[in-house]
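# Descriptive analysis of the structure
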Amino acid sequence: GAFEIKMETAKALESGPWRARYERVDTDEGVTSHGQLRRLALDSDDKAALRKALLDRAEAGARPDGVRLLKEFGERWDEHVHEDSEKRRREGRKPAVRVCVDGANVAWYGQNHSRGGFSHAQLDHAMSRLSQLFDDEAYEPTLFLPRKHVKRLHGHRRKLVESWSSFLIDVPRGVDDDWFWMRATLSDESEHAFAVTNDAARDHHLAHVAPRAFRRWLRRHVLRFEFARDGDDAEVLLRTKGGQRSAGQHFVLGEPPAFSTECQRVGDAWLLPLQTKHSKDWNRRSRTWLS
């Protein structure tokens, strides 16, 4: 469950009674001299730790019944996932790919300019595009939105919200909608659950309370997005982390990394990623591992 090791640790290991060497690993492929690095899944303990951390966050929130609301949602959601999974197995259908959309993040993205604001139209474009990116038989979208962006609307915005009714969950006022879409990716029964958001990494509480679980969740279950302009290189946009810019017109979706940057066994060898000043820069085409 360890992540990057420091250079001092690498040098100590290198001088031990075993063979050790450094090798560069392409960040897109994850192929080493010992074989393919794996994208490690969250186990049941990881998911339980994150669910508990979310409830702790809700307990510290502004709304006194936040814990109850989140717990009740989690129970209903898990029951729904179980029943749907069983039905799919009985009918011989593909397992669901559950795509949980952080609607507020998508609608606000790139809107930090004088004429910007919460964009229902931008969100609708993203939802339409998502339906084209996944297998129809497996795709199960759920859109999470704060209630203030769902109720008391008029005209085109109201019609858009009504068109989302079959997959929309409006989160009650006074609680953080982030807790709900994250909780929806943590059912024990579902490995194919993803959050569409660019905000996930900012929850430092979860990173502190359950560091291994949170980092694994980030690497496996979070899909970043961008709104590209004509002529943009979508791959470069999705690799870039930093400040927002005015959004383009074309919704593009990233994929989880091909492998986990985490100590793991490949064949007869242990591979350990080396922590350097470039460790968090995924624009770099390769990084150093000790094997």
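Quick note: structure is the one above.
So, a few notes on the structure that sits alongside this text. (Residues numbered from 1 in each chain as written. Predicted model: local features only at pLDDT ≥ 70, side-chain atom pairs only at ≥ 80, totals over all residues. Heavy atoms only, no water.)

Take the side chain of aspartate 84 next. Locating aspartate 84 in the fold gives a position in helix 3 (residues 66-90). For aspartate 84, a relative accessible area of 13% translates into the label buried. At 2.8 Å, the side chain of aspartate 84 forms a polar contact with the side chain of arginine 98. The residues touching aspartate 84, leaving out its near neighbours within four places in the chain, are Ala96 and Arg98. (Helix = DSSP H or I, 4+ residues; strand = E, 2+ residues; numbered from the N terminus. Buried < 20%, exposed > 50% of the residue type's maximum accessible area, 1.4 Å probe, protein only. Polar contact = N/O pair within 3.5 Å; in protein donor to acceptor, adjacent residues only side chain to side chain. Contact = heavy atoms within 4.5 Å.)

Below, the discussion takes up helix 3. With 25 residues, helix 3 extends 36 Å between its outermost C-alpha atoms, agreeing within 8% with the 36 Å of an ideal straight helix rising 1.5 Å per residue. Buried residues of helix 3: Gly66, Leu69, Leu70, Phe73, Gly74, Trp77, Val81, Asp84, Ser85 and Arg88, and no others. Looking at the packing, one finds that the buried side of helix 3 touches helix 2 (44-59), strand 4 (97-102), strand 5 (139-146), strand 6 (168-171) and helix 7 (177-183). One or two steps after helix 3, the chain reaches glycine 92, where phi turns positive at roughly 70°. (Expected span 1.5 Å × (residues − 1).)

Burial within strand 12 (residues 269-273) is extensive, with 4 of its 5 residues counted as buried. As defined by bridge partners, strand 11 (residues 264-266) adjoins strand 12 across 3 bridges and the pair is classed as antiparallel. The partner of glutamine 264 across the bridge, within strand 12, is leucine 271. In this structure, the hairpin formed by strand 11 and strand 12 is closed by a connection of 2 residues, where glycine 267 is found at a positive phi of approximately 65°. (Pairing = 2+ DSSP bridges.)

Here we take up the nonpolar core. Membership of the largest hydrophobic core comes to 30 residues, with the highest contact counts inside it found for Val101, Leu123, Leu143, Trp164 and Val196. The element best represented in this core is helix 5 (residues 120-133), accounting for 4 residues. Not counting the four nearest positions on each side in its chain, tryptophan 164 is found in contact with His120, Leu123, Asp124, Leu143 and Leu145. Judged by nonpolar contacts, the second largest core, of 28 residues, contains Phe73, Trp179, Met182 and Ala213. (Core = buried A, V, L, I, M, F, W, Y, C linked by side-chain atoms within 4.5 Å.)

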